[in-house]
Amino acid sequence: MMTIRHGSPVAGCMRGLGARVGRACLPVVLAGMLLGAPAHAQFPGDNPAPVPPASIPEAEPSSPAISLAPPSALPVPPDLPAQLVQPPLIPPPSAQAAPQGSLALSARFGKDLPVINGGLVWRIYSDKPSLNGAMQLVREEHAAGPTIPLPPGGYVVHASLGLVSDVHSLTVKQDETARETFELPAGGLRIEGRVGTSKIPQGQIVFSVYKGSQFEIGTGDRAPIAQNIPAGDVLMLPAGIYYLVSNYGDANSIVRSDIRVQAAKLTDVVVTHRAAVITLKLVGEKGGEALANTSWSVITPAGDVIKESTGAFPRVMLAEGEYRAIAKNEGKVFERDFEVKNGVDGEVEVLTR
């Protein structure tokens, strides 16, 4: 609560209006508050606060809120201090908005081809390198066709869609919109693997993609442009010829295929493996319990090691063909020849006698 000193303009105004504080008095009341009318905090045990000449009636719930700003039609009271009637301050030049232009970006798959409507990454750099010579990233956008406000100046814009990218240099002018369209001749590649008519589950097969045909000279020296691609994922590539390597499991079921990717099109590729899933077991008798702590090697008839593992029930994906399983347990070695047929999963038991 506030105690108002009698004899002040505020007190006179209140006596003149009785129990009602009218809008005309509000500027005077505010002035009195700002001019430092003494206020005394009320605590339990202090003297009771002065009581106005009459009770102030409560406003009806539906009454509109009263503005504390003086009505524009009323004159400013002459006794208000100067600081309350000064014109609004003008912000210093540094606080005013800096000059701006804008940059509108878009991309299409090629001349006379559709506009790209998703998957784009835009990176905008200043064309003036930093002190250490590195390009300074100004903005990054992921919208298909962004319009970006930028200070006037020169910029380098990098646009990418998967493994397809392009770079343009351009200038933004004040109060103008610079428009730039990129051509990204990209196509989509989606791969899945099968054994016979059965789809290989995701997680059991991965793919790597190489530039050019597998039959070109120097293929063995190439590094993949993308690897460990999961089945069913869409990979965006520049239009052209590629070969892919499909690995079913981590043994010898490997297939190589040449493919063509076309701009603005999704190419679906199905890679067919001739293989099967084999579970190895070392048992004391046919159909018996598998022995733990067994070391395994799977070799070809020529003696090439295809797969090594340890455990009671190792599973291995093998290309169709003939093999020998070698099991080592407690210093003893046990062997068995077996054959893998395409699409025929099964168990191979090696007996300890």
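Residues numbered from 1 in each chain as written. Predicted model: local features only at pLDDT ≥ 70, side-chain atom pairs only at ≥ 80, totals over all residues. Heavy atoms only, no water.

A closer look at the sheet that holds strand β5 (residues 153-161)
The criterion, for reference: Being paired, for any two strands, means DSSP has found at least two bridges between them. A run of H or I in DSSP becomes a helix once it reaches four residues, and a run of E becomes a strand once it reaches two; helices and strands are each numbered from the N terminus. Fitted lines through C-alpha atoms serve as axes, helices being fitted only where they are in contact, and the angles separating the N-to-C directions of these axes extend from 0 to 180 degrees.
Strand order in the open sheet made by the four strands is β3-β2-β5-β6, with antiparallel pairing throughout. Looking at strand neighbours, the two that pair on one side only are β3 (137-141) and β6 (164-172), the edges of this open sheet. Recorded for the sheet is a direction-independent mean angle of 20° between the axes of neighbouring strands. One ladder, built from nine bridges, connects β5 with β6; its direction is antiparallel. Residue pairing for β6: Gly 154 is matched across the bridge by Thr 171.

What about unusual backbone geometry?
Using the following cut-off: A 1.4 Å probe rolled over the protein chains alone gives each residue an accessible area, and that area as a share of the maximum for its type sets the label: buried under 20%, exposed over 50%, partly exposed in between.
Of note, the phi angle at Asp 175 is positive, near 60°, even though the residue is not glycine. The residue Asp 175 is located in the loop between β6 and β7 (177-183) in this model. When its relative accessible area of 66% is taken as the criterion, Asp 175 is described as exposed. The phi dihedral of Asn 293 is positive, around 55°, even though this residue is not glycine. Tracing the sequence through the fold places Asn 293 in the loop between β16 (275-283) and β17 (295-299).

Let's talk about the confidence of the model for the protein chain
For clarity, the threshold we go by: A residue's pLDDT is the predictor's confidence in that residue, given on a scale from 0 to 100. Whether two residues are in contact is decided by their heavy atoms: any pair within 4.5 Å suffices.
For the protein chain, per-residue confidence averages 81 on the pLDDT scale, and 72% of positions sit at 70 or higher. Low pLDDT, under 50, characterises residues 49-78; the predicted model gives this stretch 14 contacts beyond four residues in sequence or across chains.

Description of the pattern of salt bridges
Close approach of charged atoms allows side chains of opposite charge to pair. Convention followed: Definition used for salt bridges: Asp or Glu carboxyl oxygen within 4 Å of a side-chain nitrogen of Lys or Arg.
Taken as a whole and judged by the stated rule, the model has 13 salt bridges. Among the salt bridges present, the one from Lys 199 reaches Glu 192, with a minimum N-O distance of 3.9 Å. Overall, Lys 199 belongs to the exposed group, its relative accessible area being 53%. As a salt-bridge pair, Arg 324 and Glu 335 come within 3.1 Å of each other at their nearest N and O atoms. With Arg 324 in strand β20 (residues 321-329) and Glu 335 in strand β21 (residues 332-340), this residue pair connects regions lying eleven residues apart in the sequence. For Arg 324, a relative accessible area of 32% translates into the label partly exposed. Via salt bridges that share partners, Glu 192, Arg 194 and Lys 199 belong to a single interconnected network.

Some details on the sheet that holds strand β13 (residues 240-248)
The strand order across the open sheet built from four strands is β11-β10-β13-β14, with neighbouring strands paired in antiparallel fashion. The strands lining the two open edges of the sheet, one partner per strand, are β11 (226-230) and β14 (253-261). Strand-to-strand twist of the sheet, defined as the mean angle between neighbouring strand axes without regard to direction, takes the value 25°. As defined by bridge partners, strand β10 (residues 205-211) adjoins β13 across seven bridges and the pair is classed as antiparallel. Paired with Lys 211 across the strands is Tyr 242, a residue of β13.

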